[in-house]
Amino acid sequence: MVSNLLDLSANPATKEAIVKDAQALVESELANKSGISAGAVKLAYKAVTSFAPGYYVETLNILVPSMLEALQPFWADFQVAGGGTFGDYLVKRQDEVTPALLKVTDDMAHASEKAVVVKAYNTVRGGASKHIEAALPALGGLVEKYAA
C-alpha cells in the first residue's frame, strides 16, 4: 500500500486515471442530487464546463495532487489505525476532512482568472460542505483503489 498519496500523482498514467475517476465521481454525485441546492450545483457545473471548455479537466489535473496532499495526514492516520475502509474513516473525521478539502478549492477559486468560474464557485460555496461530506465514502474508495 502507498504510504504517501502524493506518490500517486507522480506517475503520469496513474494521475490521468485518477483524474478520469475523479471526473466520474463528480458526475455521479451530481446525477444523484436533487433539490434547490443541487440545482445550483448542477448549474455551476454546467457553467464551468460550457463557458470554459477544457477548464474543468485542466482544473482536475491541478486539483488531484492538491487534494491528495490535503488527504495525506488522514491517510497516514488511517493506515496506523487500521481496519475499515478509508471512505468510512473520512466520514468519521468529516469535520476535519471537509475544511481541508474546501481549502484546496477555495485557494484555486481565489487564484482563478476566469470570472465565470469564480462566480459559479461562489454561488455554490455556501453549501459545499454537505456535498463534500456526501461524497466522502466514494472519495475514500477512489483513493484506496489507487493506493492499494
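What counts, and where the lines are drawn
Residues numbered from 1 in each chain as written. Predicted model: local features only at pLDDT ≥ 70, side-chain atom pairs only at ≥ 80, totals over all residues. Heavy atoms only, no water. Helix = DSSP H or I, 4+ residues; strand = E, 2+ residues; numbered from the N terminus. Rg over C-alpha atoms; globule rule 2.2 N^0.38 Å. Contact = heavy atoms within 4.5 Å. Areas by Shrake-Rupley, 256 points an atom, 1.4 Å probe, with all protein chains shown as cover. Lys, Arg positive; Asp, Glu negative; His and termini not counted. Charge placed at Lys NZ, Arg CZ, Asp CG, Glu CD. pLDDT = per-residue confidence, 0-100. Axes fitted to C-alpha atoms, helices over the stretch in contact; angles between N-to-C directions. Parallel < 35°, antiparallel > 145°, perpendicular 65-115°, else oblique. Nonpolar A, V, L, I, M, F, W, Y, C, P; charged D, E, K, R; others polar. Core = buried A, V, L, I, M, F, W, Y, C linked by side-chain atoms within 4.5 Å. Buried < 20%, exposed > 50% of the residue type's maximum accessible area, 1.4 Å probe, protein only. Expected span 1.5 Å × (residues − 1). Arc of directions from axis to C-beta.

### Comments concerning the overall build of the chain
Looking only at helices and strands, the chain features 8 helices and 0 strands. Moving toward the C terminus, one meets the helices and strands of the chain in the order α-α-α-α-α-α-α-α. Its C-alpha radius of gyration of 15 Å places the chain within 12% of the 15 Å reference for a compact globule of 148 residues. With the C-alpha coordinates aligned to their principal axes, the bounding extent of the chain is approximately 40 × 30 × 25 Å. For the chain, the proportion of contacts with a sequence separation of at least 24, taken over those separated by at least 6, is 75%. Surface accessibility of the chain: about 8000 Å² in total, with carbon and sulfur atoms responsible for 59%. Across the chain, the mean location of the 13 positive side-chain charges is 8 Å away from that of the 16 negative side-chain charges.

### Some words on the confidence of the model for the chain
Here the chain averages 88 in pLDDT, and 96% of its residues register 70 or above. Mean pLDDT values for the elements of the chain range from 72 in helix 3 (residues 36-51) up to 97 in helix 5 (residues 86-92).

### Concerning the packing of helix 4 (residues 55-81) against helix 8 (residues 128-147)
Following both chains from N to C, one finds helix 4 and helix 8 inclined at 70°, their axes separated by 13 Å at the closest point. With respect to helix 8, the axis of helix 4 lies roughly perpendicular. Together, Leu71, Trp75 and Phe78 of helix 4 and Leu139, Val143, Glu144 and Ala147 of helix 8 make up the contact between the two elements. Among the residues forming the contact of helix 4 with helix 8, the class breakdown is 6 nonpolar, no polar and 1 charged.

### Structural notes on the nonpolar core
Judged by nonpolar contacts, the single largest core of 43 residues is most densely connected at Leu5, Phe86 and Leu90. Looking at this core, the elements that each hand over two or more residues are helix 2 (12-31), helix 3, helix 4, helix 5, helix 6 (94-111), helix 7 (115-124) and helix 8. In terms of residue count, helix 4 provides more of this core than any other element does, 11 residues in total. With residues up to four places along the chain from it excluded, the contact list for Phe86 reads Leu71, Phe74, Trp75, Phe78, Gly140, Val143 and Glu144.

### Looking at the side chain of Ser112
Along the polypeptide, Ser112 turns up in the loop between helix 6 and helix 7. Look at Ser112 and you get buried, because its relative accessible area is 16%. Among residues more than four places away in sequence, those in contact with Ser112 are Tyr55, Val117 and Val118.

### Thoughts on helix 6
Along its 18 residues, helix 6 runs 25 Å from first to last C-alpha, staying within 8% of the 26 Å computed at 1.5 Å per residue. Within helix 6, burial applies to Val97, Thr98, Leu101, Leu102, Val104, Thr105, Met108 and Ala109. Projection of helix 6 onto a plane perpendicular to its axis shows the buried side chains occupying an angular sector of 145°, all on one side. In this structure, helix 6 carries Asp95, His110 and Ala111 as exposed residues pointing more than 90 degrees from its buried face. For helix 6, the secondary structure elements touched by its buried residues are helix 4, helix 5, helix 7 and helix 8.

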